[in-house]
Amino acid sequence: MSRRRKVYEGKAKILYEGPEPGTLIQYFKDDATANNGKKHTTIVGKGILNNRICEHIMVQLASIGVPTHFIRRLNMREQLIRAVEIIPLEVVVRNVAAGSIATRLGIEEGTSLPRSIIEFYYKNDALNDPLVTEEHVTAFGWASPHEIDDIMAIALRINDFMSGLFAGVGIKLVDFKIEFGRMYENDMMRIVLADEISPDSCRLWDMTTSEKLDKDRFRRDMGGVSEAYQEVARRLGIAPDLESRIHVVPKVVN
Ligand code: TMP
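Please read these numbers as outputs of a predicted model, since none were measured by experiment.

Asks: What am I meant to see in helix H4 (residues 145-167) here?
Replies: Note on helix geometry: an α-helix contains 3.6 residues per turn, so any two residues three or four positions apart are oriented the same way. For H4, built from 23 residues, the straight-helix expectation of 33 Å at 1.5 Å per residue is met to within 8% by its first-to-last C-alpha distance of 33 Å. Glu147, Ile148, Ile151, Ile154, Ala155, Ile158, Asn159, Met162, Leu165 and Phe166 are the residues of H4 that are buried.

Asks: Please clarify how the packing of aromatic side chains should be interpreted in this entry.
Replies: Geometrically, a pair of aromatic rings is defined through the distance of the ring centres and the angle of the planes. For the structure shown, the criterion picks out 3 aromatic pairs. Arranged with centres 6.5 Å apart and planes meeting at 90 degrees, the rings of Tyr16 and Tyr27 form a pair that is edge-to-face. Taken together, the positions of Tyr16 in strand S2 (residues 13-17) and Tyr27 in strand S3 (residues 23-28) put the pair 11 residues apart, joining distant regions of the chain. Relative accessible area serves as the criterion here: at 14%, Tyr16 is assigned to the buried category. Members of the aromatic cluster, connected to one another through ring pairs, are Tyr122, Phe140 and Trp142. Directly above the aromatic system of Tyr16 lies the positively charged group of Arg4, at a separation of 4.1 Å from the ring centroid. Across from the ring centre of Phe218, 4.9 Å away, lies the NZ or CZ of Lys39, which sits over that ring.

Asks: What is the right way to read helix H1 (residues 46-63) from this model?
Replies: Taking 1.5 Å of rise per residue, 18 residues should cover 26 Å, and H1 covers 26 Å from first to last C-alpha, within 8% of that figure. A large share of H1 lies buried, amounting to 13 of its 18 residues. After H1 finishes, the residue Gly65 shows a positive phi value of roughly 95 degrees.

Rules used throughout
- Residues numbered from 1 in each chain as written.
- Predicted model: local features only at pLDDT ≥ 70, side-chain atom pairs only at ≥ 80, totals over all residues.
- Heavy atoms only, no water.
- Helix = DSSP H or I, 4+ residues; strand = E, 2+ residues; numbered from the N terminus.
- Expected span 1.5 Å × (residues − 1).
- Buried < 20%, exposed > 50% of the residue type's maximum accessible area, 1.4 Å probe, protein only.
- Phe/Tyr/Trp six-rings, centres within 6.5 Å; stacked < 30°, edge-to-face > 60°.
- Lys NZ or Arg CZ within 6 Å of the ring centre and 35° of its normal.

Purely spatial values, then, with no claim about function.
Set out below in structure tokens:
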């Protein structure tokens, strides 16, 4: 068997060269990191769950006309995606105050925001992904004003769609982080949703109990991370076959 060429390895995913030009294989690891990699552990089965949940969301977003890099899921841990030129921004959409906005602006966690807020963070580990404004984004050429307009419009559509999707299964979409890329087709360029959407990149709270069903369980040492991700998958009606597969492997603790 020939070895695939690794194109990039991040904290939670690996990208391999795809079977055709312009494609990549996105592999979901079980690694979990927080605080820009300072905190690290392995959560058995997380990659499998994120792959499935991400597929479910990407397929549905595509069905309402949101352009994405996703082509299809290949197996338990991998999906085939289109290669895109990643825009170096983490785009965060918030509906309810939590995490960094709660700390930065002194807003109590759980407070509904007056409207959905979009924030941009410059993707740069050495700088700890700082919050930046549209002025920085355009002045430094990370994205053009037109691209920012596209990104914001797509981000709000994603927020509307996902808020409804999760509300339908009793989950409040508090906030999420997405990334975008440029896809070139002939002489055309378009902005597409890239990276992943999963409980690693969203805050998801049970609507009645406010129980956290996302990566904050790991960030805040609450335990039950894999169980929370399984609960999200179960409520979305996916991966009924996963439970047995995830528990066959003994749990690795730190
Ligand atoms: P924050 O409140 O820490 O700024 O996070 C906002 C949202 O973005 C939350 O859903 C978690 C997600 N996020 C990531 O996916 N990756 C990151 O590196 C950070 C800082 C946040």
